[in-house]
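Chain by chain, the residues run as shown.
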Amino acid sequence: MKFSWRVLVLWTLPALVIGFFFWQGAFANTPADMGKNAASTRMTYGRFLEYLDAGRVTMVDLYEGGRTAIVEAVDPDLENRIQRVRVDLPVNAPELISKLKAENVSFDAHPARNDGAIWGLLGNLIFPILLISGLFLLFRRSSNLPGGPGQAMNFGKSRARFQMEAKTGVMFDDVAGIEEAKEELGEVVTFLKQPEKFTAVGARIPKGVLLVGPPGTGKTLLAKAIAGEAGVPFFSISGSEFVEMFVGVGASRVRDLFKKAKDNAPCIIFIDEIDAVGRQRGAGIGGGNDEREQTLNQLLTEMDGFEGNTGIIIIAATNRPDVLDAALLRPGRFDRQVMVDAPDIKGRLEILQVHARNKKLDQSVSLEAIARRTPGFTGADLANLLNEAAILTARRRKEGITLTEIDDAVDRVVAGMEGTPLVDSKSKRLIAYHEVGHALIGTLVKDHDPVQKVTLIPRGQAQGLTWFTPSEDQGLISRSQLKARITGALGGRSAEEVIFGRDEVTTGAGNDLQQVTGMARQW
Ligand code: ADP
């Protein structure tokens, strides 16, 4: 079982508190030095006075500053045997001493033993100490948990949430399909490795590089590869980590990050999703977000603050360079912009080769065929695709990944998880005709992408699907292609109408109609 401070504290604290009260109770009523003389029988004060008047009391020992007495008295009922009893004395009984003197009784007062006082003091202190240390432990634990309640108390102290990797272990070889970006950034590696080559001729080493591209195209991977190739530490933080509820926290995180980076220079700082902090200032509703602006100002200041040749290079990633503040993009800050786009067929093949290195592929699998089937896939999609295929292979207890698994994995990555097959019913018939409608139009219309397969097995949100082989060139779509796609998308609804009649068409075409609207706007 895992050792947990919280459990320890939660169980020991109550136990100690209860124990303490028992212990206090035990000590409070019994003077420590009364032990050997302790009398088990008690006598009331009134009876004691009667005994005193009757001359039966022979000796009195006073304890606890005169609050308790052990009395030796002769008891006539017990054949004049000497009896020791305990008497609780009233607080205000000064006349007792004079009475004892008058009766000629020997008496003695015993001061409370000193160690008793020490124990008492300790006893009084131990509870608050335990309580405070218990609370402290609990507090410390909860503030270690991300987002724990302790966090709120710590907002002033920025706990920078960046990660540092001394060695990323990623090399340029691991990044494929984005050759232009790699070439541009190869220079940055030289800046980090041999800065003197540039400074000797008076060149200023760039401080910032902005990687622009859709998610999953390998921006983070590329930044890691630069750090890996140059053999320098890699600091990474996401832009959204800077943005906090409290004004000033983001700014202090930026300061922390740069301080750490300076201590570890040369190094790479990678800021993912920089648009979260770097948006145009003053653009928000009501004059913008103060916290975000302060953070951005701090970032700008830090970037100006260090000399160009300290060996810190900041790489930022975004897919929205248009919303960034102009001050971020001016020379001396992120003045280099590198596009990292979704790979073409050659790029996809190379990425597949990188990710197939550690996977067992069946002889029949051709990576080229997969690359051809996956236009528009990013590096992350392709990595995911091979991984899904490997998982399916393991689940089916096969030796190596075959084409079947690849096909299933492509379907899964594109359209989501496979659902349970539909039971025979009217709606199954309707969906079947609907999909056939798409397939027919897709095949008959000249500029439409060719049909690949039609299925009635639900995936993701869709009950049935018609797959088309997408064309390689996804960038520019012609008017005739758009028209063909609009016609194809309407084919499902038309088939429903032809077979079942106008009154029987269903909401199944809702998604098609949305797509048609989008395409019609582009037309
Ligand atoms: P981004 O930062 O652009 O959103 P990432 O760099 O985080 O994308 O990519 C996520 C994962 O996808 C990587 O860890 C890697 O496995 C894979 N990947 C993405 N692009 C590539 C590429 N060009 N070459 C190899 N693998 C890639």
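Residues numbered from 1 in each chain as written. Predicted model: local features only at pLDDT ≥ 70, side-chain atom pairs only at ≥ 80, totals over all residues. Heavy atoms only, no water.

**So, the pairing of strand β2 (residues 57–63)**
So, step 1. Burial of β2 is extensive: five of the seven residues sit out of reach of the surface.
So, step 2. By the bridge criterion, six bridges tie β2 to strand β3 (residues 68–75) in an arrangement that is antiparallel. Looking across to β3, one finds that L62 is bridged to A69.
So, step 3. Hairpin connection between β2 and β3: a loop of four residues separates the two successive antiparallel strands, and E64 in this loop has a positive phi of roughly 50°.
So, step 4. Here four bridges tie β2 to strand β5 (residues 106–109), and the two strands are oriented parallel to one another. Its bridge partner lying in β5, V60 is registered against F107. (Buried < 20%, exposed > 50% of the residue type's maximum accessible area, 1.4 Å probe, protein only. Helix = DSSP H or I, 4+ residues; strand = E, 2+ residues; numbered from the N terminus. Pairing = 2+ DSSP bridges.)

**Digging into the sheet that holds strand β1 (residues 41–43)**
So, step 1. If you trace the five strands from one edge of the open sheet to the other, you get β1-β4-β3-β2-β5, paired in mixed fashion. Strands at the two margins of the open sheet, each flanked by one partner only, are β1 and β5. Averaged over neighbouring strand pairs, the angle between their axes works out to 30° when direction is ignored.
So, step 2. Strand direction decides the pairing type here: β1 and strand β4 (residues 81–88), joined by three bridges, are parallel. In the sheet register, R42 faces β4, and the bridge partner there is R86. (Axes fitted to C-alpha atoms, helices over the stretch in contact; angles between N-to-C directions.)

**With respect to the packing of helix α5 (residues 179–193) against helix α7 (residues 219–230)**
To characterise two packed helices, one gives the angle between the axes of the helices and the distance between these axes.
So, step 1. Two elements in contact, α5 and α7, have axes separated by 9 Å at closest approach and are oriented at 40°. With respect to their mutual orientation, α5 and α7 come out oblique. Of the two possible hands of crossing, α5 and α7 adopt the one that is right-handed. Together, A181, K182, L185, V188, V189, L192 and K193 of α5 and L222, I226, E229 and A230 of α7 make up the contact between the two elements.
So, step 2. Here the residues of the contact of α5 with α7 sort into eight nonpolar, no polar and three charged. (Parallel < 35°, antiparallel > 145°, perpendicular 65-115°, else oblique. Left-handed = near helix turned anticlockwise from the far one by under 90°. Contact = heavy atoms within 4.5 Å. Nonpolar A, V, L, I, M, F, W, Y, C, P; charged D, E, K, R; others polar.)

**Notes on the sheet that holds strand β7 (residues 208–212)**
So, step 1. A sheet is described by the order of its strands in space; here six strands give the open sequence β6-β8-β9-β10-β7-β11, paired in mixed fashion. Pairing within the sheet leaves two strands with one partner each, and these edge strands are β6 (163–165) and β11 (336–339). Taking each pair of neighbouring strands and ignoring which way they run, the sheet shows an average axis angle of 20°.
So, step 2. Strand direction decides the pairing type here: strand β8 (residues 234–238) and strand β9 (residues 267–272), joined by five bridges, are parallel. Opposite S238, over in β9, you have D272 as the bridge partner.
So, step 3. On top of the sheet, α7 reaches β6, β7, β8, β9 and β10 (312–318); it is set at about 175° to β9, its chief contact.

**Some points on the layout of surface pockets**
So, step 1. Approximately 1,300 Å³ is the volume found for the largest pocket.
So, step 2. In this structure, the largest pocket is lined by 35 residues; those nearest its centre are L465, T466, F468, D512 and Q515.
So, step 3. Listing elements by their share of the lining of the largest pocket, those giving two or more residues are α16 (403–415), α17 (426–444), β13 (465–468), α18 (479–500) and α19 (510–522). (1 Å grid on protein atoms, 1.4 Å probe; cavity = no way out; pocket = protein on both sides within 12 Å on 5 of 7 lines; lining within 4 Å. Points joined across faces, edges and corners; volume = space filled by probe spheres on them.)

**A closer look at the pattern of salt bridges**
So, step 1. Evaluated as defined, the whole model comprises 26 salt bridges.
So, step 2. For D304, the salt bridge identified is with R333, shortest N-O distance 2.5 Å. With D304 in helix α11 (residues 290–305) and R333 in the loop between α12 (326–329) and β11, the pair connects residues that are 29 residues apart, well separated along the chain.
So, step 3. Under the relative-accessibility criterion, D304 is labelled partly exposed at 37%.
So, step 4. For the salt bridge of E405 with R396, the shortest nitrogen-to-oxygen distance reads 3.0 Å.
So, step 5. Here E405 falls in the buried class, since its relative accessible area comes to 0%. (Salt bridge = Lys/Arg side-chain N within 4 Å of Asp/Glu carboxyl O.)

**Observations concerning the pairing of β9**
So, step 1. With five of its six residues buried, β9 lies for the most part within the structure.
So, step 2. Summarising the sheet, β9 and β10 pair through five bridges and their orientation is parallel. Of the residues in β10, the one forming a bridge with F270 is I315.

**Things to note about a negative patch on the surface**
So, step 1. On the surface, a cluster of negative charge is contributed by E180, E183, E184 and D344.
So, step 2. Topologically, E183 is positioned in helix α5. (Patch = residues over 30% accessible without salt bridge, like charges linked within 9 Å, V, L, I, M, F, W, Y side chains within 5 Å. Areas by Shrake-Rupley, 256 points an atom, 1.4 Å probe, with all protein chains shown as cover. Lys, Arg positive; Asp, Glu negative; His and termini not counted. Charge placed at Lys NZ, Arg CZ, Asp CG, Glu CD.)

**What to know about the packing of aromatic side chains**
So, step 1. Overall, the coordinates contain four aromatic pairs when judged by the stated rule.
So, step 2. Consider the rings of Y45 and F48, whose centres lie 6.3 Å apart with planes at 40°: the pair is tilted. Residue Y45 and its partner F48 are located together in helix α2 (residues 45–53), separated by three residues, close to a single helical turn.
So, step 3. Take F48: its relative accessible area is 0%, and that puts it in the buried class.
So, step 4. Here F191 and F198 contribute two aromatic rings whose centre-to-centre distance is 4.5 Å and whose plane-to-plane angle is 65°, an arrangement assigned as edge-to-face.
So, step 5. A residue is classified by how much of its surface remains accessible, and F191, at 6% relative accessible area, is buried.
So, step 6. Judged by its relative accessible area of 19%, F198 falls in the buried class.
So, step 7. Taking the ring centre of Y51 as reference, the NZ or CZ of R56 above it sits at 4.8 Å. (Phe/Tyr/Trp six-rings, centres within 6.5 Å; stacked < 30°, edge-to-face > 60°. Lys NZ or Arg CZ within 6 Å of the ring centre and 35° of its normal.)

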